[in-house]
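The primary structure of each chain is shown beneath.
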Amino acid sequence: MPCSTRSDELVFFVNGRKLSVIERNVDPEVTLLTFLRKIVRLTGTKHGCGRGGCGACTVMVSTYDSTSKKIRHFSVTACLVPICSLYGAAVTTVEGVGSIKTRIHPVQERIAKSHGTQCGFCTPGMVMSMYTLLRNHLDPSEEQLLEALGGNLCRCTGYRPILESGRTFCAEANGCQQKGTGKCCLDQGENDSSSLGRESGLCTELFVKEEFQPLDPTQELIFPPELLRMATNPEKCTLTFHGERVTWISPGSFKDLLELKAKHPEAPLVLGNTSLGPAMKPQERFHPVLLSPVRIPELHVVSQKSNGLTLGAGCSLAEVRDVLAEIISELPEEKTQTYRALLKHLKSLAGQQIRNMASLGGHVISRHHYSDLNPILAVGNATLNLISTEGVRQIPLNQHFLAGLASADLKPEEILESVHIPHSRKWEFVAAFRQAECRQNALPDVTAGMRVLFEDGTDTIADLSLAYGGLGAATVSAQRSCQQLLGRHWNELMLDEACRLLLEEVSLPASAPGGRVEFKRTLVVSFFFKFYLEVLRELQKLLDRRYPEIPARFLSALEDLPVGMTQGIQTYQSVDSHQPLQDPVGRPIMHLSGLKHATGEAVFCDDIPVVDKELVMALVTSTRAHAKIISIDSSEALELPGVVDVITAEDIPGTNGAADDKLLAVDEVLCVGQLICAVVAETEVQVKRAIEKVKITYEDLEPVIFSIEDAIKHNSFLCPEKKLEQGNIEEAFEKVDQIVEGEVHVGGQEHFYMETQRVLVIPKTEDHELDIYVSTQDAAHVQKTVSSTLSIPINRITCHVKRVGGGFGGKVGRPATFAAIAAVGSLKTGRPIRLVLDREDDMLITGGRHPLFGKYKVGFMNSGRIKALDIECYINGGCTLDESEMVAEFLTLKLENAYKIHNLRFRSRACLTNLPSNTAFRGFGFPQGTLVTEACITAVAAKCGLPPEKIRKKNMYKTVDKTIYKQAFSPEPLIRCWDECLERASFHSRREQVEEFNKKNYWKKKGIALIPMKFSVGFAATSYHQAAALVHIYTDGSVLVTHGGNELGQGIHTKMLQVASRELKIPMSSMHVCETSTATVPNTIATAASVGSDVNGKAVQNACQILLKRLEPIMKKHPGGTWEEWVEAAFAKRISLSATGYFRGYKAFMDWEKGEGDPFPYYVYGAACSEVEIDCLTGAHRKIRTDIVMDACCSLNPAIDIGQIEGAFIQGMGLYTTEELNYSPEGILHSRGPDEYKIPTVTDIPEEFNVSLLPSSHTPLTIYSSKGLGESGMFLGSSVFFAIADAVAAARRERDIAQDFTVRSPATPEWVRMACADRFTEMIPRDEPKTFKPWSIPIA
Ligand SMILES: Cc1cc2nc3c(=O)[nH]c(=O)nc-3n(C[C@H](O)[C@H](O)[C@H](O)COP(=O)(O)OP(=O)(O)OC[C@H]3O[C@@H](n4cnc5c(N)ncnc54)[C@H](O)[C@@H]3O)c2cc1C
Ligand code: FES
Ligand code: FES
């Protein structure tokens, strides 16, 4: 067992190439992700979170299992894999799967051609998850596909097209987009939408499946023979890898492992590293010695005996799942109760990658308070088989072990060898429950394992075990309660007593970490009730008629809401049959970068190779919400190796931002997360260590304001009130039948673009020139800000934007700040600087969507006709103005949505608080504000006893009219969208079915809602609509198009080439867009407000028309010539082949004094209908179906536009259902990563998802009568919110509780559960507000 000071050779393969890593590069602290991206420069694998939660870094690992003699392929998140753990493994990255330069793989081809990529940042991870699935299953089931993608987040597409591409490989796939329903879209049938595909001119195909190359497994990389040899004759010697701070020891035999553990008792065992890895990240914690049992087969042994199953501690959770599935299929049901419960949770625990990596032993030993498996193992009487050099022993996996009591724990030198789980017996029942924010890939709020054993042939409790996770620092066991219930009969009396006892024993303090205290208390008893009913049902079967039947209505408490594969139809207008084939406008053309996204060849900002002398920057942020900066002491940081400098405000040669919005803080900080200074160092590791050493001393200041309520109290506002009024509201209120007043709270939203903020500044040697590569929506703003910060003219600075990994408004203003600070560092050090925010910092520093508090007062007639509406909105702007005034303006302008109400008053104010400044976000105030309007309509409906859709229709604009700000418009497309959505969704019959369902089911309720939308596009100022383009024709006939828009994933470059192709009448393949650069197209506006393609399209059109005009004489002279010949002739005739196109912009203005204007060039109309089912006992919901009809006019590219609608819809759905930001009472953001902040995952999307573009209307104003659809779909996500509210209202009606309840978004499981008040919510103890310090505070 040698342990030398020299590192051994670490041998593993990447993409079929042997990598023998020695000495300097074998650092146990280096993850596979860092190794791939920074050392071997395979940048296709992306860094999205660094914590295993987003899947952007997914790669495939293959190992040879010498016991089963099989090669195992499994997906992993490279960010959590230490390279040292890869000894003997073969890694396949996206580059190894296929490449444009050689051969693309069918997975890559299909995801791109099915339009499954937008920004493309998640795409390599998606490809790798799908690829791994196919390496294991050539024709996987749809369920396997969903499982494989469950750990991969995408913020752009809404997942539907990604699933569609994966489905082309599935066994069930049959060529019909409605597969799974048993129907075909070509069948005649009662499904209204099925016939629509045949309407004239309507198309439902966005890609041609027949074009796809078949999957050919013989083409895949083989498992390297050398690794096979190594695995079949394994080295028994210990391998040691020494890093700078950490030594990794990988013994070759079990004996050596035990000896090493005895020698290094404090050293953890690294299995999956999914617990250790994330825990070591904060404060750069580390263990000097790590023991890796990866080469010890004894830890993987699975054995089954007559009394139970023994699972090796080294088995991955995925392996455990497979073993359990097999044993369940083999053994009688009564023996497999515990296994079934475990299997249920193993399906929803984390994503596939984590389940592949995480080990059973690591899971048990980590004893996470939220552990899904430990409560079940505890109630299932599992035992832990421990081993050390001293021998073996067993300990029970019980509450004492889970609480970490020393007497019940492992000794430091002991290792968990295996876990023994006994079979269950007849008269024994085991169940598992969990509730999380999302249905999959989310840590549970509460999780539970429950077991009861009855005396033979009776319902008398002989033994009972209940264990809960998520309720404290460890899994808790309700032992006392269980003891007291022994001998009781399984009946209602026992249930009541059990609930009382449980609430006493499993108590949760009001200020418990994680918050949601009352919800969690309710779940404790709700889960027990579910268990009670489940067991009752079984007892009925066993004891036959001695038990009364559970009334059918209550059976709905039992089943979990199913997770289903999505299906649906996308309908759009096909192009005119006379349109030339070459003309791509109106056709579903694939995203120009689609294939490059899928192969990992698309270069994002941080994929740019390291440049000579490059330094890395990291930011030091405020830990106080409002304080005076007394001192900044960077001396300790500067002494650390590799640290080059610390940049403070004093280093800024020019302007330090605005007076009230400084780039780097001076004297005072206004929020936690405010930038104070920046450290530059040689490497990422060094800079991260250094920022921890910068010491800031503060003196707290008053007041500290976080919530809108406090801001109103302190009269703390960022700008004057925005107000619009029409009619005579006071008079109207006097004449109405009824008046309702209400409040609406809408939480904020994090952009969660998959690519965090990043910039690379490269100083040139001459004339103070700087090249800036930046992920931004507004390159000119970056350029201007850097210029004023450095005090150098704008003409010395060139900003380059190749592509942006998602923006959604979050990269309009903020990138300029980061670029300017990096530029100061670059100027001071004279070296290039790279600044890449990690996910935690990005979420902490950059604000997001404004939280909103709205109050409404509405007067209406009993018929539902609204006569007067007064809405007052407050948005939480954070600590600086940023875009808050504009957001307040926009939301005021847009509040009326689709409704004509004669007497209106809308007021909005932006609050100044001590939170990071909130900013632009898709929809710009509309999604929050209009929720107030729609909530008000719902309240009117409840008061009138009419369905909300009736009130909506009654009050909708019907004829050509003027808005509250006197802009004329025709609502004809709005009405068409509404009517068509009603019809396509078969709304009326489904409304009846929903009501029927609700009558029959007490614990599950369905809800349905149809929401109309009038969304105004654009900025309220003409100058913001100008755009320019530069088009060059080269002498070989190829064309280079550049324009002012940035590629954010929305496909703007694709659309621009479609425009250029139509104008120049040459194919898109002869054209190219290289990047957006301030050197080619200057003074651009932000790519935002849905008008990017509109205005830049006009500019490209203009440039092409100028060029064509120049070429026309030649073309006329040689009508039979080719494009190339004409171009050559033009060159010979000295005709300029380069032209600037310009669009002066749509007219737009708003006079706030008069409350009048024409602020928007046009409107996008739409309607969405969603149906959901909720579980009243847990607050969970499933989205059954969504139908969207959107007025896209003449879509430039229906695939891209439908992608925008779906993506925005799912993002909106996230806003209104799962995405919750939590702040501590000190103003510190708790939710700083994918674990704490849940954006929708692949299993959250509607099971049936139909999108239809309204057959053409015309908007002559825009390029080819198209419409900008970037943002509007966001608000339609509220149809899910109102469907949930509809279901909640049904529950409340049945329970006879007040119908008017405070509307809160997001409608999280917590909100739904607590709104469906019942005997269980009544039982729980409540805490007097202000008697405790809550974990999080409301800010909306
Ligand atoms: C993104 C993400 C999502 C997750 N979601 C969930 C979820 O929904 N539900 C849930 O319950 N969990 C979840 N987890 C937690 C996950 O289940 C655990 O992290 C995992 O099971 C730990 O196993 P590991 O092999 O990675 O442990 P490691 O990180 O390798 O080790 C953890 C600890 O266990 C010790 N250890 C490991 N094996 C042994 C042994 N044989 N003997 C003695 N000590 C040992 C190590 O010394 C170390 O201290 C999630 C984790 C991540 C990263
Ligand atoms: S970067 Fe690895 S999972 Fe997010
Ligand atoms: S395409 Fe998935 S994150 Fe952008």
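Quantities reported herein were computed from a predicted structural model and do not represent experimental measurements. (Residues numbered from 1 in each chain as written. Chains lettered and ligands numbered in written order. Predicted model: local features only at pLDDT ≥ 70, side-chain atom pairs only at ≥ 80, totals over all residues. Heavy atoms only, no water.)

## Some points on unusual backbone geometry
Step number 1: Between glutamate 702 and proline 703 the backbone carries a cis peptide bond, its omega angle lying at -10°.
Step number 2: Of note, proline 703 is situated in the loop between strand 25 (695–700) and helix 23 (708–713).
Step number 3: A cis amide bond links serine 1305 to the next residue, proline 1306, at an omega of 5°.
Step number 4: Mapped onto the elements, proline 1306 comes out in the loop between strand 48 (1303–1305) and helix 39 (1309–1315). (Helix = DSSP H or I, 4+ residues; strand = E, 2+ residues; numbered from the N terminus.)

## Considerations on the nonpolar core
Step number 1: Counting residues in hydrophobic clusters, the biggest one holds 262 residues, and the most contacted among them are Leu466, Tyr468, Trp490, Phe528, Phe531 and Trp1123.
Step number 2: Top element by residues in this core is helix 19 (residues 517–543). It accounts for 15 residues.
Step number 3: Not counting residues within four places of it along the chain, the set of residues in contact with phenylalanine 528 comprises Met450, Leu466, Tyr468, Trp490, Met494, Leu495, Ala498 and Leu502. (Core = buried A, V, L, I, M, F, W, Y, C linked by side-chain atoms within 4.5 Å. Buried < 20%, exposed > 50% of the residue type's maximum accessible area, 1.4 Å probe, protein only. Contact = heavy atoms within 4.5 Å.)

## What about the packing of aromatic side chains?
Step number 1: Inspection of every chain in the model, using the stated rule, returns 35 aromatic pairs.
Step number 2: Summarising the aromatic geometry, the rings of phenylalanine 890 and phenylalanine 924 are spaced 5.2 Å apart at their centres and angled 70° between planes, so their arrangement reads as edge-to-face. With a gap of 34 residues between them, phenylalanine 890 in helix 28 (residues 884–894) and phenylalanine 924 in the loop between strand 34 (903–912) and helix 29 (926–944) connect regions that are remote in the sequence.
Step number 3: Classification of phenylalanine 890 by relative accessible area gives buried; the value is 4%. (Phe/Tyr/Trp six-rings, centres within 6.5 Å; stacked < 30°, edge-to-face > 60°.)

## Quick notes on the sheet that holds strand 15 (residues 428–436)
Hydrogen bonds between backbone atoms are what pair the strands of a sheet, whose relative direction is either parallel or antiparallel.
Step number 1: With antiparallel pairing, the four strands of this open sheet are ordered in space as 15-16-17-18. Whereas interior strands pair on both sides, the edge strands pair on one side only; in this sheet they are strand 15 and strand 18 (476–477).
Step number 2: With two bridges joining them, strand 17 (residues 461–469) and strand 18 adopt antiparallel strand pairing. Residue pairing in the sheet places tyrosine 468 in a bridge with valine 476 of strand 18.
Step number 3: Those strands touched by helix 19 are strand 15, strand 16 (444–454) and strand 17, and its axis lies near 145° from that of strand 15. (Pairing = 2+ DSSP bridges. Axes fitted to C-alpha atoms, helices over the stretch in contact; angles between N-to-C directions.)

## A look at the sheet that holds strand 13 (residues 391–396)
Step number 1: In spatial order, the strands read 10-11-14-12-13; together these five strands make up an open sheet with antiparallel pairing. A single partner strand is all that each edge strand has here, and the edge strands are strand 10 (302–305) and strand 13. On average, each strand axis in the sheet is tilted by 20° relative to the strand beside it, whichever way the strands run.
Step number 2: The strands touched by helix 11 (residues 317–330) within the sheet are strand 10 and strand 11 (308–312), with strand 11 carrying the most contacts at an inclination of about 165°.

## With respect to the confidence of the model for the protein chain
Step number 1: Per-residue confidence for the protein chain gives a mean pLDDT of 95, with 97% of residues at or over 70.
Step number 2: Considering only residues more than four positions removed or in separate chains, one finds that residues 174–198, a stretch of pLDDT under 50, has 48 contacts. (pLDDT = per-residue confidence, 0-100.)

## A look at the pattern of salt bridges
Step number 1: Summed over all chains, the structure comprises 84 salt bridges.
Step number 2: For glutamate 226, the salt bridge identified is with lysine 18, shortest N-O distance 2.8 Å. Taken together, the positions of glutamate 226 in helix 8 (residues 225–232) and lysine 18 in strand 2 (residues 17–21) put the pair 208 residues apart, joining distant regions of the chain.
Step number 3: Glutamate 226 gets classed as partly exposed once you look at its relative accessible area, which sits at 24%. (Salt bridge = Lys/Arg side-chain N within 4 Å of Asp/Glu carboxyl O.)

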